[in-house]
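# Descriptive structure summary
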There are 2 protein chains.
Amino acid sequence: MLRKNSKQRDAIVAMVKSSKSHPSADEVYGAVRKIYPQISLGTVYRNLSALAEAGGITRITCGLGGDRFDGNTAMHYHFQCAECKRVFDVEMAVDERLNKHAAALLNADIDNHTAMFYGRCAECKNIRRG
Amino acid sequence: MLRKNSKQRDAIVAMVKSSKSHPSADEVYGAVRKIYPQISLGTVYRNLSALAEAGGITRITCGLGGDRFDGNTAMHYHFQCAECKRVFDVEMAVDERLNKHAAALLNADIDNHTAMFYGRCAECKNIRRG
DNA sequence: GTTGTTGCAAATCGTTTGCACGTCC
DNA sequence: GGACGTGCAAACGATTTGCAACAAC
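Residues numbered from 1 in each chain as written. Chains lettered and ligands numbered in written order. Predicted model: local features only at pLDDT ≥ 70, side-chain atom pairs only at ≥ 80, totals over all residues. Heavy atoms only, no water.

## Some words on the packing of aromatic side chains
The geometry of an aromatic ring pair is captured by two quantities: the separation of the ring centres and the angle between the planes. Residue and element names in this part refer to chain A. Definition in use: When the centres of two rings from Phe, Tyr and Trp lie within 6.5 Å, Trp using its six-membered ring, the rings pair. Their planes under 30 degrees apart give stacked, over 60 give edge-to-face, and anything left gives tilted. For the exposure calls, accessible area comes from a 1.4 Å probe over protein chains only, and a residue counts as buried if that area is under 20% of its type's maximum, exposed if over 50%, partly exposed in between.
The final tally for this structure, using the stated rule, is 2 aromatic pairs over all chains. Between F79 and F88 the ring centres are 6.0 Å apart and the planes differ by 40°, which places this aromatic pair in the tilted class. F88 sits in the partly exposed class, given a relative accessible area of 24%.

Here is the structure:
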């Protein structure tokens, strides 16, 4: 994968990199379709997965709904609102030593870790709950 | 939900609580079926979700494969092996203040957070990679 | 007897894949 | 021109849901 260029992939990368909203595959699809109306959802999924694998973007596995994607590949944590399902960055220092610590405890090779916070975002927290 | 007792639910709780392997819904199904061969996968899913919602067990959203369930509801972190997909506990102190810290940063209500480590477990790390 | 719970099957959601065709180097 | 990428549709795995029968209180 990623051996040849494609304008579809370029558009997908550009969309994810320029977005701050942690879009889902479907949202990327909707946005890129405005430029390439013929693009297929399969192509979006294939490229998002290949790009995440190659390290060009980050895949965010969240508890509520499908995966999200993030153009910011620097290690950081996320928060997901249980109400609106949006994902936000948590601008908090990440302790990379946790990987080594956990690796020692488990006698495992550890590549990375993720942290997800859950609750209600600023906009949703004062509204009646469904 | 959870307003009346059922022997199926009792068996599901017992299985998850007694397991240390963070079983998937399908694994719970397989185990409980030995006692109640007529139980359906839908019942297992319904009960696991209701129990997790009620706080009797914990749902683990992991990046590789479907959700797992944990009878240990005390806050702790997990590690998933990229090779065998098994999930392990990480016996590491959890800083509960992170929730307050993140809540302040985002002006959000935060209930909980999870952390997942990824890599290769002790058993898999020395074996040729596929 | 009312209401929650079950078993079953069909439906849904998010994602992946096989294939014929198109495009890049 | 050969390998990789695309569009399309079908397939897939995980999970949820509608419904009639059933069990708990």
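## Here we look at the pattern of salt bridges
Residue and element names in this part refer to chain B. Worth spelling out the cut-off: Each reported salt bridge corresponds to a side-chain nitrogen of Lys or Arg within 4 Å of a carboxyl oxygen of Asp or Glu. Where helices and strands are cited, they refer to DSSP runs of H or I of at least four residues and of E of at least two residues respectively, numbered from the N terminus.
As enumerated under the stated definition, the model contains 8 salt bridges over all chains in all. A salt bridge links R59 to D67; its shortest N-O distance comes to 2.9 Å. You can call R59 partly exposed: its relative accessible area is 35%. Between E83 and R120 there is a salt bridge, with its nearest N and O atoms 2.3 Å apart. Placement of E83 in the loop between β3 (77-81) and β4 (87-90) and of R120 in strand β5 (residues 109-120) is noted, with a sequence separation of 37 residues between them.

## Here we look at the interface of chain B and chain A
Interfaces are often described in size by the accessible area the parts lose on coming together. Defined as follows: Contact between two residues is taken to exist if any of their heavy atoms lie within 4.5 Å; hydrogens are not considered. Here the buried area means the combined drop in accessible surface, using a 1.4 Å probe, for two parts upon being joined, counting both sides. N or O atoms closer than or at 3.5 Å make up a polar contact, with two conditions inside protein: a donor-capable atom paired with an acceptor-capable one, and, for residues adjacent in sequence, both atoms drawn from side chains. Gly is put with the polar residues, along with every residue not named as nonpolar or charged; the nonpolar set is Ala, Val, Leu, Ile, Met, Phe, Trp, Tyr, Cys and Pro, and the charged set is Asp, Glu, Lys and Arg. A pair of strands counts as paired when DSSP detects no fewer than two bridges linking them.
Across the contact, 32 residues belong to chain B and 32 residues belong to chain A. Roughly 2500 Å² is buried in total at the junction of chain B and chain A, and carbon and sulfur atoms are behind 64% of that figure. Seen at the junction of chain B and chain A, the total is 0 salt bridges. Connecting chain B to chain A are 10 residue pairs in polar contact (both at pLDDT 80 or more). Counting residues per element, the side of chain B that touches chain A draws most heavily on β5(B), at 12 residues. Grouping the constituent residues of the side of chain B that touches chain A by class yields 17 nonpolar, 9 polar and 6 charged. In this sheet, β5(B) lies alongside strand β5 (residues 109-120) of chain A in antiparallel orientation, the contact comprising 11 bridges. The residue bridging A115(A) from the neighbouring strand is A115(B), located in β5(B).

Interpretation note: all reported values are geometric properties and have no functional meaning in isolation.
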